Amino acid sequence: MEKTVIKIFDSHFHIIDNKYHLEANNGYLPDLFTYKDYKNRTKNLFIDSIGGAIISGSFQGNDLEYLEVLNEFKKDGKKDFRAIINLPIETNNEKILDLNEKGVAGVRFNIFRGNSTDIDDIIKFSKRIYQLCNWNVEIQINPKNILEIINKLLEIPRLAIDHIGLRKDAIDSLYILAKNNVKIKATGFGRLDFDPIPVLKNIYELNPTSLMFGTDLPSTRVDKEKVFSRSHINLMLDNFSEEELKNIMYNNAYNWYINKK
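Being a predicted model, the structure only gives us computed values, none of them experimental.

A.B. asks: Describe in detail the sheet that holds strand β8 (residues 211–213), supporting the description with residues and values.
C.D. replies: Spatially, β1-β2-β3-β4-β5-β6-β7-β8 is the arrangement adopted by the eight strands of the open sheet, whose pairing is parallel. Looking at which strands have only one partner, the edges of the open sheet turn out to be β1 (6–13) and β8. Within the sheet, the average angular offset between the axes of one strand and its neighbour, ignoring direction, is 25°. Strand direction decides the pairing type here: strand β4 (residues 104–110) and strand β5 (residues 136–140), joined by five bridges, are parallel. Counterpart to Arg108 in the pairing with β5 is Glu138. Running over the sheet, helix α1 (residues 35–44) touches β1 and β2 (47–55) and is turned about 140° from β2.

And the structure:
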């Protein structure tokens with residue numbers, strides 16, 4: 001397939017720069033992946049990221065200084081990049097409003113990798129940040145737990161689920177969530193134990209506004225042969241119509257992060 005440049009709103013990627021705080025998570029510390037690395041990698045993959053969401057990883061703890069990278073995007077004329085951060089639920093309203101002005105659009109909880117925050121506390125916090133500045137909550141969840149807390153998840157005003165739920169155990173729950181206007185990230189294909197295309201097609205049929213594509217660069221913890229590549233772009237191009245691709249690859253995420261719909 002000819003490698004035409006494809007424009008996307010990259011709903012999920014990391015910047016890992018040792019100019020800022022990094023910490024090992026369960027003994028794991030990822031390789032560096034700077035703003036320059038992101039620019040070069042996407043260029044080499046024939047991707048034009050018009051906007052995107054930088055996601056704080058578990059290896060960044062609660063550090064926020066690295067969000068200076070948002071200014072690097074702005075210097076390159078790209079104003080539609082936002083950040084989803086790790087943030088203690090006791091953070092006060094003044095701090096949240098300040099972070100909103102700096103380009104933060106939501107908070108992430110990595111329940112899959114040992115975040116011990118109680119779901120009821122997450123719900124309470126999610127309502128507070130939604131009322132303050134329309135922030136969303138993003139969750140990387142243990143698929144074995146998703147069904148038992150699905151009703152609680154639906155109490156979160158604006159919710160996105162990472163990496164198509166990660167495991168086939170989560171698929172039926174994802175359909176319920178998608179029907180209830182939860183965003184499902186079409187990301188992390190190399191992390192899955194199932195074929196993503198039939199699942200993504202079903203989700204799109206249930207709710208055309210649910211899916212948000214992302215590169216998941218630099219694909220931390222993923223086996224080298226499964227790291228995000230052009231093949232993942234081609235998989236989407238081969239299986240969705242032009243209209244569907246506009247929604248999945250750009251419109252849905254733009255409306256979520258920029259228009260906050």
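A.B. asks: How would you sum up unusual backbone geometry? Please name residues and give values.
C.D. replies: Of all residues except glycine, most have a negative phi; of all peptide bonds, most are trans. The peptide bond linking Leu217 to Pro218 adopts the cis configuration, its omega dihedral lying at 5°. Looking at the element boundaries, Pro218 is found in the loop between β8 and α9 (230–239). With a phi angle near 60°, Phe46 is a residue other than glycine that sits in the positive phi range. Mapped onto the secondary structure, Phe46 falls in the loop between α1 and β2. The backbone phi angle of Ile164 is positive, close to 50°, even though this residue is not glycine. Turning to its location among the elements, Ile164 is positioned in the loop between β6 (159–161) and α7 (171–179).

A.B. asks: Provide a residue-level description of the nonpolar core, including the pertinent values.
C.D. replies: If you look at the biggest cluster of nonpolar residues, it comprises 73 residues, and the most contacted ones within it are Ile139, Leu153, Ile184, Phe213 and Met236. Counting residues per element, this core draws most heavily on helix α4 (residues 119–133), which supplies six residues. Formed by eleven residues, the second largest nonpolar core is a distinct cluster that contains Phe9, Ala53, Ile84 and Trp256.

A.B. asks: An account of a nonpolar patch on the surface is needed here, citing residue identities and associated values.
C.D. replies: Taken together, the side chains of Leu147, Leu154 and Ile176 make up a nonpolar region of the molecular surface, amounting to roughly 250 Å² of accessible area. Mapped onto the elements of the fold, Leu154 is located in the loop between α6 (150–153) and β6.

A.B. asks: Which residues make up the side chain of Thr215, and what values go with them?
C.D. replies: Along the chain, Thr215 falls in the loop between β8 and α9. Contact partners of Thr215, with chain neighbours within four places excluded, come to Ile8, Asp10, His12, Phe13, Tyr38, Ile47 and Phe228.

A.B. asks: How would you summarise the pattern of salt bridges if you had to cite specific residues and measurements?
C.D. replies: Applying the stated criterion to the full structure yields twelve salt bridges. Here Asp80 makes a salt bridge to Lys79, at a shortest N to O gap of 3.4 Å. On the accessibility criterion, Asp80 (10% relative accessible area) is buried. Ionic pairing is found between Lys185 and Glu138, a salt bridge with its closest N-O pair at 2.6 Å. One end of the pair, Lys185, is in strand β7 (residues 183–186); the other, Glu138, is in strand β5, with 47 residues separating them in the sequence. The exposure classification of Lys185 matches that of Glu138, with both residues buried. Connected through shared salt-bridge partners, Lys7, Asp48 and Lys78 make up one network.

A.B. asks: Give me the lowdown on the packing of aromatic side chains, citing residues and values where you can.
C.D. replies: In total, this model carries 14 aromatic pairs according to the counting rule given. Between Phe13 and Phe81 the ring centres are 6.1 Å apart and the planes differ by 85°, which places this aromatic pair in the edge-to-face class. Taken as a pair, Phe13 in strand β1 and Phe81 in strand β3 (residues 80–85) lie far apart in primary sequence, 68 residues in all. Among the aromatic residues, ring-to-ring pairing joins Phe13, Phe33, Tyr35, Tyr38, Phe73 and Phe81 into one connected group. In this structure, Arg158 packs its charged tip against the face of Trp256, placed 3.8 Å from the ring centre.

A.B. asks: Give me the lowdown on the environment of Asn259, citing residues and values where you can.
C.D. replies: Along the polypeptide, Asn259 turns up in the segment after α10 (242–257). Separated by 2.8 Å, the side chains of Asn259 and Asn255 make a polar contact.

Reading guide: rules and limits
- Residues numbered from 1 in each chain as written.
- Predicted model: local features only at pLDDT ≥ 70, side-chain atom pairs only at ≥ 80, totals over all residues.
- Heavy atoms only, no water.
- Pairing = 2+ DSSP bridges.
- Helix = DSSP H or I, 4+ residues; strand = E, 2+ residues; numbered from the N terminus.
- Axes fitted to C-alpha atoms, helices over the stretch in contact; angles between N-to-C directions.
- Contact = heavy atoms within 4.5 Å.
- Core = buried A, V, L, I, M, F, W, Y, C linked by side-chain atoms within 4.5 Å.
- Buried < 20%, exposed > 50% of the residue type's maximum accessible area, 1.4 Å probe, protein only.
- Patch = residues over 30% accessible without salt bridge, like charges linked within 9 Å, V, L, I, M, F, W, Y side chains within 5 Å.
- Areas by Shrake-Rupley, 256 points an atom, 1.4 Å probe, with all protein chains shown as cover.
- Salt bridge = Lys/Arg side-chain N within 4 Å of Asp/Glu carboxyl O.
- Phe/Tyr/Trp six-rings, centres within 6.5 Å; stacked < 30°, edge-to-face > 60°.
- Lys NZ or Arg CZ within 6 Å of the ring centre and 35° of its normal.
- Polar contact = N/O pair within 3.5 Å; in protein donor to acceptor, adjacent residues only side chain to side chain.

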